[in-house]
Amino acid sequence: MTGVPASAAGGSSGARRTGPRGPSGAARGPAERTPSGGAAERGATEQGAPERGATEGGVAGRGGKIAAAAVNQASVWNVANLLTMLRLLLVPAFVALMLGNGGYDPAWRSFAWAAFAVAMITDLFDGHLARTYNLVTDFGKIADPIADKAIMGAALICLSALGDLPWWVTAVILGRELGITVLRFVVIRYGVIPASRGGKLKTLTQGIAVGMYVLALTGPLATLRFWVMAAAVVLTVATGLDYVKQAIVLRRQGIAERRAALKETEA
């Protein structure tokens, strides 16, 4: 009897049974049976992912920098800096009131004293607020000392111009203030000279003394203001010399540390 050999029939049925099938039971084509194409495509996709990530990271980094710059710019308009700006605006107002009606009118001098007192009070608060609430800005670092020197210098020059205060007192106080400010900038690369208790007491004494001279005082109060100003001058000179000493020590330490670091690098 002629027929298909059992081995051939079995092989054919076996091939049909063992052939790869998809989820629906149909045989998969060559493309499905060969995983290399899909792997290559997935690999190319995965390789492109880091590039997109780097690009997105770069964009995010630039965006973060722009946002940070915007925040820093906005932070200039904080309470501490606004008080400093107010003190700067009070300088011309004080001069106008001080010299109003010839400069010897008690009423105008009282208004001038009020402007001077407000400026001194804001000087106490703006620095405290900036340090306490982290409101320190580059603008504040520059504008605050300028405002301090401006209001004090305006008061001293007006008093000397009116003949109420000797010019040598004005020269000593302003010379010390400007000299120490320059000295701080000179040694800032070696470190910062901290404000001492003597310096704070000097500032307070100067403010009281100048304020008493701005007012048209007579009698015992006029005598008292003389001694308060004398104490202010002594503190001004003493603290100025102390700052110079600190600057010299700080500079020497800075130079020694740099030389030691240079030797370690060379070794």
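Refer to the preceding data block for the structure.
What counts and how
Residues numbered from 1 in each chain as written. Predicted model: local features only at pLDDT ≥ 70, side-chain atom pairs only at ≥ 80, totals over all residues. Heavy atoms only, no water. Helix = DSSP H or I, 4+ residues; strand = E, 2+ residues; numbered from the N terminus. Buried < 20%, exposed > 50% of the residue type's maximum accessible area, 1.4 Å probe, protein only. Contact = heavy atoms within 4.5 Å. Areas by Shrake-Rupley, 256 points an atom, 1.4 Å probe, with all protein chains shown as cover. Phe/Tyr/Trp six-rings, centres within 6.5 Å; stacked < 30°, edge-to-face > 60°. Lys NZ or Arg CZ within 6 Å of the ring centre and 35° of its normal. Expected span 1.5 Å × (residues − 1). Polar contact = N/O pair within 3.5 Å; in protein donor to acceptor, adjacent residues only side chain to side chain. Core = buried A, V, L, I, M, F, W, Y, C linked by side-chain atoms within 4.5 Å. Axes fitted to C-alpha atoms, helices over the stretch in contact; angles between N-to-C directions. Parallel < 35°, antiparallel > 145°, perpendicular 65-115°, else oblique. Left-handed = near helix turned anticlockwise from the far one by under 90°. Nonpolar A, V, L, I, M, F, W, Y, C, P; charged D, E, K, R; others polar. Salt bridge = Lys/Arg side-chain N within 4 Å of Asp/Glu carboxyl O.

Some thoughts on the overall build of the protein chain
And step 1. Each helix and strand counted, the protein chain has nine helices and zero strands in total.
And step 2. Its helices and strands in sequence order give the protein chain the pattern α-α-α-α-α-α-α-α-α, from N to C terminus.
And step 3. Here the protein chain, with 267 residues, has 31% of them falling under the buried criterion.
And step 4. Of the contacts formed within the protein chain by residues at least 6 apart in sequence, a portion of 72% connects residues at least 24 apart.
And step 5. Carbon and sulfur atoms form 68% of the exposed surface of the protein chain, whose accessible area is close to 17,100 Å².

Description of the packing of aromatic side chains
And step 1. The tally for this structure, following the rule as stated, stands at two aromatic pairs.
And step 2. A centroid spacing of 5.2 Å and a plane angle of 80° characterise the contact between Phe226 and Trp227, whose relative ring orientation is edge-to-face.
And step 3. Lying across the ring of Tyr213, Arg225 places its NZ or CZ 4.5 Å from the centre.

Side note on helix α7 (residues 167-187)
And step 1. For α7, spanning 21 residues, the distance from its first C-alpha to its last is 30 Å, which sits close to the expected 30 Å at 1.5 Å a residue.
And step 2. Here α7 has its buried residues at Val169, Thr170, Ile173, Leu174, Arg176, Glu177, Ile180 and Val187.
And step 3. The elements touched by buried residues of α7 are α6 (138-161), α8 (197-214) and α9 (220-266).

Some points on the side chain of Asp105
And step 1. Residue position: Asp105 is located in the loop between α4 (79-98) and α5 (106-132).
And step 2. Polar side-chain contacts of Asp105 include one of 2.6 Å to the side chain of Asn101.

Focus: unusual backbone geometry
And step 1. Backbone geometry at Asn101 places phi at a positive 55°, although glycine is not the residue there.
And step 2. Along the chain, Asn101 turns up in the loop between α4 and α5.
And step 3. Located in the positive-phi region is Asn134, a residue other than glycine, with phi close to 55°.
And step 4. By the element assignment, Asn134 lies in the loop between α5 and α6.
And step 5. Overall, the relative accessible area of 66% leaves Asn134 in the exposed class.

So, the nonpolar core
A general feature of soluble globular proteins is that nonpolar side chains tend to end up buried together.
And step 1. Membership of the largest hydrophobic core comes to 30 residues, with the highest contact counts inside it found for Phe94, Met98, Phe116, Val210 and Met229.
And step 2. Listing elements by their share of this core, those giving two or more residues are α4, α5, α6, α7, α8 and α9.
And step 3. Among the elements that line this core, the one with the most residues is α6, at seven residues.
And step 4. With near-sequence residues (within four places) excluded, Phe116 lies in contact with Phe94, Ile151, Met152, Ala155, Gly207, Val210 and Gly211.
And step 5. The next biggest cluster of nonpolar side chains, apart from the first, holds seven residues, and it includes Ile180, Val187, Tyr190 and Tyr243.

Describing α8
An α-helical turn contains 3.6 residues, so a residue and the one three or four places further along point in the same direction.
And step 1. Given a rise of 1.5 Å per residue, 18 residues ought to cover 26 Å, and the 26 Å separating the end C-alpha atoms of α8 matches this to within 8%.
And step 2. Within α8, burial applies to Gly199, Lys202, Thr205, Gln206, Gly207, Ala209, Val210, Gly211, Met212, Tyr213 and Val214.
And step 3. Contacts from the buried residues of α8 go to α4, α5, α6, α7 and α9.

Focus: the packing of α5 against α8
And step 1. Packing of α5 against α8 brings their axes to within 9 Å, and their N-to-C directions diverge by 170°. Put simply, α5 runs roughly antiparallel to α8. Crossing geometry of α5 relative to α8 is assigned as left-handed. On the side of α5, the interface is formed by Arg109, Ala112, Trp113, Phe116, Met120 and Asp123, while α8 contributes Thr203, Gly207, Val210, Gly211, Tyr213 and Val214.
And step 2. Counted by class, the contact of α5 with α8 contains seven nonpolar, three polar and two charged residues.

Observations regarding the pattern of salt bridges
And step 1. Applying the stated criterion to the full structure yields seven salt bridges.
And step 2. With a closest N to O distance of 2.9 Å, Arg87 and Asp148 form a salt bridge. Here Arg87, found in helix α4, pairs with Asp148, found in helix α6; they are 61 residues apart in sequence, far enough to count as distant.
And step 3. By relative accessible area, Arg87 is classed as buried at 0%.
And step 4. Salt-bridge contacts for Arg176 lead to Glu177; the nearest nitrogen and oxygen are separated by 3.3 Å.
And step 5. For Arg176, a relative accessible area of 11% puts it in the buried group.

Any functional reading would require information that these geometric values do not contain.
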